[in-house]
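Commentary on secondary and tertiary structure
What follows is the residue order along each chain.
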Amino acid sequence: MEKLLSEIRKCTLCSTNLPLGPRPIVAAHSDAKVLIIGHAPGTKVHQTGIPWDDQSGKQLRKWMGVTDVTFYDETQIAQMPMGFCYPGKGKSGDLPPRPECAPQWHRQLLDRLPNLKLTILIGQYSQRHYLGNKMEKNLTETVRNYGNYAPNYFVLPHPSPRNRFWLSKNPWFEKEVIPKFQHRISRALNL
């Protein structure tokens with residue numbers, strides 16, 4: 001595992017397409033029980049090198065019902081984004097994750113995570129990649145039908161502050177889905 005993580009952190013596969021240069025963000029340990037697969041790091045995470053070290057991460061930890069200590073314990077929770085480096089800025093937020101990362105690194109990492117009990121798919125990119133045609137017609141319906149992806153996956157919208165409108169438009173998510181999500185996290189981590 002350490003050799004693979006070192007290789008990933010040195011990756012320059014798509015460096016010519018990265019406005020801030022390569023800085024692959026990943027955290028994993030073979031004992032991890034939960035895996036988080038999100039989009040790609042933002043600028044703050046690119047600067048610190050710490051996964052989910054931003055407002056989105058604070059919201060995600062709140063949704064999970066875990067402390068920072070638990071969240072960053074690689075023997076408990078692994079972090080593997082669809083794109084390992086900051087992809088750049090687009091018209092309405094960050095660009096999509098670079099397409100080179102998942103085919104290059106995901107299978108190798110997954111093969112070294114034998115103790116996973118739950119994989120969290122955050123946002124449309126990870127859901128499209130891992131669920132394929134099992135996804136519903138859009139992210140809202142996919143999240144509404146989260147139970148269809150159990151026991152291996154739990155699907156979530158991105159916890160970005162930019163999603164305030166989605167959250168206010170879909171109050172069922174925090175009322176109905178989050179308690180079930182926290183229960184799944186608690187079971188997976190034996191909390």
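Scroll up for the structure.
Residues numbered from 1 in each chain as written. Predicted model: local features only at pLDDT ≥ 70, side-chain atom pairs only at ≥ 80, totals over all residues. Heavy atoms only, no water.

1. Examining the nonpolar core
Nonpolar side chains in soluble globular proteins tend to be buried together. In this structure, Met 64, Ile 120 and Phe 173 are the most contacted members of the largest nonpolar core, which totals 51 residues. In terms of residue count, the dominant contributor to this core is helix H9 (residues 172–189) (eight residues). Discounting residues that sit within four places of it in the chain, Phe 173 has contacts with Trp 63, Val 143, Leu 156, Pro 157, Trp 166, Leu 167 and Ile 178. (Core = buried A, V, L, I, M, F, W, Y, C linked by side-chain atoms within 4.5 Å. Buried < 20%, exposed > 50% of the residue type's maximum accessible area, 1.4 Å probe, protein only. Helix = DSSP H or I, 4+ residues; strand = E, 2+ residues; numbered from the N terminus. Contact = heavy atoms within 4.5 Å.)

2. Details of the environment of Trp 166
Among the structural elements, Trp 166 can be located in helix H8 (residues 164–169). In this structure Trp 166 comes out as buried when scored by relative accessible area, which is 13%. In this structure the C-alpha to C-alpha distance between Trp 166 and Val 26, which are 140 residues apart in sequence, comes to 28 Å. Apart from residues lying up to four places away in sequence, Trp 166 is in contact with Leu 139, Thr 140, Val 143, Pro 157, Trp 172 and Phe 173. A polar side-chain atom of Trp 166 sits 2.7 Å from a polar atom in the side chain of Thr 140. (Polar contact = N/O pair within 3.5 Å; in protein donor to acceptor, adjacent residues only side chain to side chain.)

3. Observations regarding the side chain of Gln 79
Within the secondary structure, Gln 79 sits in strand S2 (residues 77–79). Owing to a relative accessible area of 4%, Gln 79 belongs among the buried residues under this scheme. A distance of 3.3 Å separates polar atoms of two side chains, one belonging to Gln 79 and the other to Trp 52. The contact partners of Gln 79, leaving out residues within four places of it in the chain, are Val 26, Ala 27, Leu 35, Ile 36, Pro 51, Trp 52 and Phe 71.

4. Points about the packing of helix H3 (residues 55–64) against H9
Their axes nearest at 8 Å, the elements H3 and H9 cross at an angle of 75°. Comparing the axis directions of H3 and H9 gives the class roughly perpendicular. Packed against H3, whose contacting residues are Gln 59, Lys 62, Trp 63 and Met 64, the element H9 presents Phe 173, Glu 174, Ile 178, Phe 181, Gln 182 and Ile 185 at the interface. (Axes fitted to C-alpha atoms, helices over the stretch in contact; angles between N-to-C directions. Parallel < 35°, antiparallel > 145°, perpendicular 65-115°, else oblique.)

5. Here we look at the packing of aromatic side chains
Tallying each qualifying case throughout the model produces eight aromatic pairs. When the ring of Tyr 130 is compared with that of Tyr 153, the centres are 6.3 Å apart and the planes differ by 50°; the resulting orientation is tilted. One end of the pair, Tyr 130, is in helix H6 (residues 123–131); the other, Tyr 153, is in strand S6 (residues 153–156), with 23 residues separating them in the sequence. Judged by its relative accessible area of 22%, Tyr 153 is partly exposed. Between Trp 172 and Phe 173, the aromatic rings sit 6.4 Å apart at their centres with planes inclined by 85°, giving edge-to-face as the arrangement. For the residue pair Trp 172 and Phe 173, the accessibility class agrees, reading buried in each case. One aromatic cluster is present, built from ring pairs that chain together Trp 63, Trp 166, Trp 172 and Phe 173. Between the NZ or CZ atom of Arg 61 and the centre of the ring of Phe 71, over which it lies, the distance is 5.0 Å. (Phe/Tyr/Trp six-rings, centres within 6.5 Å; stacked < 30°, edge-to-face > 60°. Lys NZ or Arg CZ within 6 Å of the ring centre and 35° of its normal.)

6. So, the side chain of Arg 184
Turning to its location among the elements, Arg 184 is positioned in helix H9. No salt bridge is formed by the buried Arg 184; its nearest oppositely charged neighbour, Glu 136, is found at 15 Å. If we ignore the near neighbours within four places in the chain, the residues touching Arg 184 are Leu 118, Ala 150, Pro 151, Asn 152, Tyr 153 and Phe 154. (Lys, Arg positive; Asp, Glu negative; His and termini not counted. Salt bridge = Lys/Arg side-chain N within 4 Å of Asp/Glu carboxyl O.)

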